[in-house]
Amino acid sequence: MTEVMKDFDKPDFSVDKYTKQLVKECVGGADLQQRKKEIQIYSDQTSATLKKSVYANYMQFIETAKEISHLESEMYQLSHILIEQRNILASLIDEKSPGNVQNSDEGVEQPTQEEVESSHATRAVKEMVQGFNGNLEGKTFLNEGALIELDTNDYRPIQRVFFFLFNDVLIVCKVKHDKRLEFLTEYDPKKIAVINIKDLDGVRNAINIITPDGSKIFQSVTAAGKTEWIEKLEVAFRFDQQKKANKKGPAPQPPKAKQSSMQQKDSPTDGKSLISDLSPTESNAPQTVENYGPEWIATAGEEIQTLVAQRYFEDAQALIKRTQDYLSKDSSFVNAKTIAEKVKLLETQLTDVLLQELSNCHCRNLQVTLRASRRSLKILVDIGRARQACGTLLKVATMALRTAQREARRNNTEISELFFCDLTQVACEFLTAFGTQPACVSALVVWCNAELQYFASQLIKHYLNKGTHLDAVAKCIEGIRKPCAKLTEIGLDLSYHLEGLLRSTLESLIEESRVRLLETVGRSEDTWQPYNLQTKSNLKRLLLELDALGIDMRPHTTGDTWINLTQSTVMFTRHYLQLTAQCATLAKSEVLWPSLEVLLRDLMMAQQAIKPIAGLSVDPNFVLKNKLFLSEELLTIAIENFRCISGSEKKCDTLLDLQRNLRKQIAPVPKQRSVYQTELF
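Residues numbered from 1 in each chain as written. Predicted model: local features only at pLDDT ≥ 70, side-chain atom pairs only at ≥ 80, totals over all residues. Heavy atoms only, no water.

Caption draft 1: Looking closely at the pattern of salt bridges. Going through the model one piece at a time under the given rule, you end up with 23 salt bridges. A salt bridge links K588 to E478; the nearest nitrogen and oxygen atoms lie 3.1 Å apart. On the criterion of sequence distance, the pair formed by K588 in the loop between α22 (567-586) and α23 (593-608) and E478 in helix α19 (residues 470-486) is long-range, its members being 110 residues apart. Assessed through its relative accessible area of 39%, K588 is described here as partly exposed. Among the charged side chains, a network of salt bridges with common partners joins E511, R514, R601 and D602. (Salt bridge = Lys/Arg side-chain N within 4 Å of Asp/Glu carboxyl O. Helix = DSSP H or I, 4+ residues; strand = E, 2+ residues; numbered from the N terminus. Buried < 20%, exposed > 50% of the residue type's maximum accessible area, 1.4 Å probe, protein only.)

Below is the structure:
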């Protein structure tokens, strides 16, 4: 294995090349599994070696980390001192007196305050922001300040950020724990939109900035700071337009105006009046009026965010639909595309909030869970998110369903009826919400089969485990089949799937019971005498019990307390009829019918095979009477009960064949005649 693993230590190791070579070398899944185990073992060995190395040099790591931390703090202090000194020197250079500047160079103008601030800001960004490599030369500084980024769903603080705003770039930095600034991203102010968010109970002084990366919410410390940022971002958005307006020269003049201006060249006052007369703002040319659309659509995005924050989801969904309908009819006004993109983004955010709301509906009580999910489901279906909603609802229902099953098992209560009742509730609620969505209905069927499979596994684990008696198995299965059959009333038929999941387990339990019952037959020695119950009350109680099982033993009673059959035969009759009822209950599933018939056949044959002990004086006619009773009366009633309880018209061929064979085997014993002898003739 060491030779094979040397490939991993090579500096030019390529994952793709190694994978392709591995697939060529291995034949079948077994080889791949073996190679996977070898790689895992090598990985564990490497990890163990690395841990040993770390433990061996543990103290050196700690000391080195402390030294690095001290050196880092010292370097930070030195860097801070140098930056302060550089700023002081730069301010001294920039603050030269106007007289000296004019004396040294009369042709150079003094830099304006705006240019000085821009140079200072450019220098500060380059020195303070880690990871920023952009070019800020020639850019105009507008504003800077610290803000807090908030989560767009629940408005909780995410991180502290610091903004540097220039005329054509917005630099976003993260404020680290040591107060340093780390570059995150930058945006073009002309490609972002700023929305003022109304103050809510928990959120104040917040603005929403829609960027190419998505919508982001930032919070200012004060209301004045929020207003300032909105104004400065608006200035950056219109900076190029203002600059062009300031640099725009006089309008072209007609020949007469040009001639008069040449004549009045020496008069600056007249020139100014002429320029003002020809200014486009005061011309009589017709102006085009831009269409900005209705007022409500301009503030629709802000209103939707407010409604979502206040949990008025229905109103938010209605406003989104209204906006989309209007844009589908008329999208010729200014910023229509921007508003459409923003509304689409807000619709996605609303969907995420509603899905999160739906996921949080899970509760120990399934009814409460389903009732709490109705609001979110209705809105999600209306906005076309039915598939996502149905998947989330089924996950929540799974949690509630399995929690209820665990509690029922702890309290030793009936779980079968509880499970199918809960399954019916989920199906009814699901069909009410998604009845018109075929894809969602198919998801419900798949979910029901998955939950039934989990329920069957838990049933086998806790109630149908090895050693369970057949009467307990019959009661359990009967308690499952009845509520499962009721699901057909709402259009769900899970009986076939349920029988398939339990078939192998039930067959093994039937075989186990057959072996155990055959071992009990013939254990007690029978004296082959009529059964004496000692008292009339005991006889009456036994006769009533056998009547309930479907057999009348009164023709076999003699005297006040006697039954003209052996005690073993009477006890076997009662047990065999009880076992027949249990087997017939399980035989309602035809796949179990053959194994159950075999159980009853083998048990009857074992009882018939019992013979008197050698040397015991018994009446052969009495033995014959017991065997005839078993084959003619008991087996006939057992076959009839088996067919009646199982509800099947199918004939019990195995038991009928047994009855015919027993009739052939049992031959009547001739009655012994007394032989009289006398010496008299």
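Caption draft 2: Geometry of the packing of aromatic side chains. Here the structure, examined in full by the defined rule, presents 13 aromatic pairs. With 5.8 Å between their ring centres and 75° between their planes, W296 and Y326 make a pair best called edge-to-face. Here W296, found in helix α11 (residues 295-298), pairs with Y326, found in helix α13 (residues 313-329); they are 30 residues apart in sequence, far enough to count as distant. Judged by its relative accessible area of 25%, W296 falls in the partly exposed class. For Y326, a relative accessible area of 26% corresponds to the partly exposed category. Here the guanidinium or amino end of R402 rests over the ring plane of Y454, the centre of that ring lying 3.8 Å away. (Phe/Tyr/Trp six-rings, centres within 6.5 Å; stacked < 30°, edge-to-face > 60°. Lys NZ or Arg CZ within 6 Å of the ring centre and 35° of its normal.)

Caption draft 3: Summary view of the packing of α22 against α23. Taken N-terminus to C-terminus, the directions of α22 and α23 make an angle of 175°; their axes are 10 Å apart at the nearest point. With respect to α23, the axis of α22 lies roughly antiparallel. Of the residues in α23, those touching α22 at S568, F572, Y576, L579, T580, C583 and L586 are L596, L599, L600, L603, M604 and Q607. Of the residues assigned to the contact of α22 with α23, the class counts are 10 nonpolar, three polar and no charged. (Axes fitted to C-alpha atoms, helices over the stretch in contact; angles between N-to-C directions. Parallel < 35°, antiparallel > 145°, perpendicular 65-115°, else oblique. Contact = heavy atoms within 4.5 Å. Nonpolar A, V, L, I, M, F, W, Y, C, P; charged D, E, K, R; others polar.)

Caption draft 4: Spotlight on the pairing of strand β2 (residues 141-150). Burial of β2 is extensive: seven of the 10 residues sit out of reach of the surface. The sheet contact formed by β2 and strand β3 (residues 157-166) spans nine bridges and is antiparallel. Across the sheet, the residue bridging to I148 is R160, located in β3. Here β2 folds back onto β3 in antiparallel fashion, the turn holding six residues, of which Y155 has a positive phi close to 60°. Across three bridges, β2 lies against strand β8 (residues 214-219) in antiparallel orientation. The residue of β8 that forms the bridge with E149 is F218. (Pairing = 2+ DSSP bridges.)

Caption draft 5: Seen up close, the packing of helix α18 (residues 438-462) against helix α20 (residues 495-520). In contact at an axis separation of 10 Å, α18 and α20 are set at 25° when each is read in the N-to-C sense. Regarding the angle of α18 to α20, the classification is roughly parallel. Note that α18 runs across α20; the crossing there is right-handed. Contacts from N449, L452, Q453, A456, L459 and I460 of α18 reach α20 at H497, L498, L501, L502 and T505. (Left-handed = near helix turned anticlockwise from the far one by under 90°.)

Caption draft 6: Summary view of the layout of surface pockets. The computed volume of the largest pocket comes to approximately 1100 Å³. Along the wall of the largest pocket there are 35 residues; nearest its centre are I192, A193, V194, N335 and T338. Broken down by secondary-structure element, the contributors of at least two residues to the lining of the largest pocket are β6 (193-196), β7 (206-211), α7 (223-237), α11, α12 (300-309) and α14 (336-359). No other element matches the six residues that α14 contributes to the lining of the largest pocket. (1 Å grid on protein atoms, 1.4 Å probe; cavity = no way out; pocket = protein on both sides within 12 Å on 5 of 7 lines; lining within 4 Å. Points joined across faces, edges and corners; volume = space filled by probe spheres on them.)

Caption draft 7: Quick look at α23. The terminal C-alpha atoms of α23 lie 23 Å apart, and with 16 residues this matches the ideal 22 Å at 1.5 Å per residue to within 8%. Here the buried face of α23 lies against α19, α20, α22, α24 (620-646) and α25 (653-665). (Expected span 1.5 Å × (residues − 1).)

Caption draft 8: Representation of the sheet that holds strand β9 (residues 531-532). Within the open sheet, the three strands sit side by side as β9-β11-β10. Their pairing is antiparallel. On the outer flanks of this sheet lie β9 and β10 (557-558), each paired with one strand and no other. One ladder, built from two bridges, connects β10 with strand β11 (residues 562-563); its direction is antiparallel. When the sheet's bridge partners are listed, T558 is paired in β11 with W562.

Caption draft 9: Structural context of the sheet that holds β2. Read from one edge to the other, the open sheet built from eight strands follows the order β1-β5-β4-β3-β2-β8-β7-β6, with strand pairing classed as mixed. The strands lining the two open edges of the sheet, one partner per strand, are β1 (129-130) and β6.

Caption draft 10: Structural detail: the side chain of E429. With respect to the helices, strands and loops of the structure, E429 is situated in helix α17 (residues 416-434). If sequence neighbours within four positions are ignored, E429 has contacts with L370 and R374.

Caption draft 11: Focus on the environment of N143. Relative to the helices and strands, N143 resides in strand β2. Those residues in contact with N143 that lie beyond four places of it in its chain are F163, F164, L165, E228, W229 and K232.

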